[in-house]
Amino acid sequence: MAETGTTTREREKTTALADLIEYAYREVAHFHSMIDKLGYTPADFQTAADLRKIPFMTKDMIQQNISDFVAKEYQRYPKSQKIEVKRTSGSTGKYLKIYWDRHDDIRSLFPLWKMRYRLYGIEPQNHFCTFYTANYKGNKIVEAERELLGSNGRTLGFSKVGLTHERLLEIYEKILEFNPDWFYLQPSVAVLLADLVSEEKLAVPSNLRYIETTGELLTKDCRERISSVFRAPLADMYGT
């Protein structure tokens, strides 16, 4: 029975892979052109090992030809109305636009929220402070406002532009007033706040019980500086 079950699972994986390749060839211009140029057909990709036939892609290839990576069905109504355009944080210096089906975008966050709750007791309704470079209006990236209260009052965000000492003091006063349950921010910004608290002998938000860093490399020194000041568990999230 176990042997039959394993065979069934392998068959399901093979079918799923074949369906994915067929879809990519039919709907995504980049993969259609690439498979043709290589002299293959979708039927030539039946196992994971067959994927070695596909050359590596670079981020630049995607950035320079983003429309070639968006499925045709999502470039037409009604699915074009279901697209969410997000962007990576740009850890390497260049951000990447990400096109999501709105339903899949929501589903993709479930494992992260489960882990936040299981390890740190953080739930979606908890209040948090964050820092951003740009904001979204619909599917367009727009210049960041200095600060933004969002998600029905759950989120207080601040622009990373112009973080002078005076501006940081102004921001931190608002953070204390907001009294978040957690921070979601870049290591460099967390260090700026930690240093500010130390230098000015400021209070730590009484509700703060978790810090999540993202978007940059978190060094051991940064982790220690942030943790020693805010005295809250710190996790580093790579949100590719």
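Per chain, residues are indexed from 1 in the order of the written sequence. Where local features are concerned, this predicted model is filtered to residues with pLDDT of at least 70; where side-chain atom pairs are given and counted, the filter is 80 or more; whole-chain, interface and lining totals use all residues. Calculated side-chain values reflect all of the structure's heavy atoms, with hydrogen atoms and water omitted.

Chemist: Any chance you could explain the pattern of salt bridges here in plain terms?
Modeler: Any carboxyl oxygen of Asp or Glu that lies within 4 Å of a side-chain nitrogen of Lys or Arg is treated as forming a salt bridge with it. Following the criterion strictly, the structure yields 15 salt bridges and no others. Note that arginine 26 and glutamate 27 form a salt bridge whose closest N and O atoms lie 3.7 Å from each other. Take arginine 26: its relative accessible area is 42%, and that puts it in the partly exposed class. Accessibility here uses a 1.4 Å probe with only protein chains present; expressed as a share of the type maximum, an area under 20% marks a residue as buried, one over 50% as exposed, and anything in between as partly exposed. You can call glutamate 27 buried: its relative accessible area is 11%. Several salt bridges converge on common partners, so that one network encompasses Arg146, Glu147, Arg167, Glu170 and Lys174.

Chemist: Honestly, the nonpolar core in this entry has me stumped. Any pointers?
Modeler: Note that soluble globular proteins tend to have their nonpolar side chains buried in a common cluster. The definition of a nonpolar core used throughout is a set of buried Ala, Val, Leu, Ile, Met, Phe, Trp, Tyr and Cys residues joined through side-chain atoms within 4.5 Å. Ile175, Phe183, Leu185, Leu193, Ile211, Ile226 and Phe230 are the most contacted members of the largest nonpolar core, which has 28 residues in total. Only runs of H or I of at least four residues qualify as helices and only runs of E of at least two qualify as strands under DSSP, and these elements are numbered from the N terminus. Only strand 3 (128-132), strand 7 (155-159), helix 6 (165-178), strand 8 (182-185), helix 7 (187-200) and helix 8 (220-230) provide two or more residues apiece to this core. Examining the composition of this core, we find that seven residues originate from one element, helix 7, more than from any other. With sequence-adjacent residues up to four places away left out, isoleucine 175 is seen in contact with Cys129, Phe158, Pro180, Phe183, Leu193 and Pro205. In what follows, residue pairs with any heavy atoms lying within 4.5 Å of each other are defined as contacts.

Chemist: How do you make sense of the environment of lysine 82 when you look at a structure like this?
Modeler: With respect to the element layout, lysine 82 can be found in the loop between helix 3 (59-64) and strand 1 (83-87). Look at lysine 82 and you get partly exposed, because its relative accessible area is 40%. Along the sequence, lysine 82 and tryptophan 100 sit 18 residues apart, while their C-alpha atoms lie 8.2 Å from each other. Setting aside its immediate chain neighbours within four residues, lysine 82 contacts Trp100, Asp101 and Arg102.

Chemist: Teacher, can you tell me more about the sheet that holds strand 9 (residues 210-213) here?
Modeler: Reading across from one edge, 6-7-3-8-9-10 is the order of the six strands in this open sheet, with mixed pairing throughout. Edge positions in the sheet fall to strand 6 (147-150) and strand 10 (234-236), since each has one partner strand and no second. Between one strand axis and the next, the sheet turns by 15° as a mean value, whatever way the strands run. Along the sheet, helix 6 makes contact with strand 3, strand 6, strand 7 and strand 8, crossing strand 7 at roughly 180°. Here an axis means a line fitted to C-alpha atoms, over the contact stretch when the element is a helix, while the angle between two N-to-C directions is reported on a 0 to 180 degree scale. Relative to strand 8, helix 7 is tilted by about 130°, and along the sheet it contacts strand 3, strand 8 and strand 9. Two strands make a pair as long as DSSP finds a minimum of two bridges between them.

Chemist: Sorry, what's going on with the packing of aromatic side chains here?
Modeler: Two measures describe an aromatic ring pair: the distance that separates the ring centres and the angle between the ring planes. Pairing of aromatic side chains here covers Phe, Tyr and the six-membered ring of Trp, requires ring centres within 6.5 Å, and sorts the geometry by plane angle: under 30 degrees stacked, over 60 edge-to-face, intermediate tilted. Under the defined criterion, the tally for this structure stands at 10 aromatic pairs. An angle of 85° between the planes, with centres 6.0 Å apart, marks the rings of tryptophan 113 and tryptophan 182 as edge-to-face. Of this pair, tryptophan 113 sits in helix 5 (residues 110-120) while tryptophan 182 sits in strand 8, and the two are 69 residues apart along the sequence. Judged on exposure class, the residue tryptophan 113 and its partner tryptophan 182 are both buried. For the pair phenylalanine 128 and tyrosine 184, a centre-to-centre distance of 6.4 Å together with 85° between the ring planes defines the contact as edge-to-face. Placement of the pair is phenylalanine 128 in strand 3 and tyrosine 184 in strand 8, with a sequence separation of 56 residues. Residue class for phenylalanine 128 comes out buried when judged on its relative accessible area of 12%.

Chemist: Got a minute to help me understand the environment of alanine 203 in this structure?
Modeler: Among the secondary structure elements, alanine 203 is positioned in the loop between helix 7 and strand 9. By relative accessible area, alanine 203 is classed as partly exposed at 49%. Sequence-wise, alanine 203 and glutamate 173 are 30 residues apart; in three dimensions their C-alpha atoms are separated by 9.8 Å. Residues within four places of alanine 203 in sequence aside, it is in contact with Tyr172 and Leu176.

Chemist: I keep staring at the side chain of aspartate 105 and nothing clicks. Help me out?
Modeler: Structurally, aspartate 105 is set in helix 4 (residues 102-108). Classification of aspartate 105 by relative accessible area gives buried; the value is 11%.

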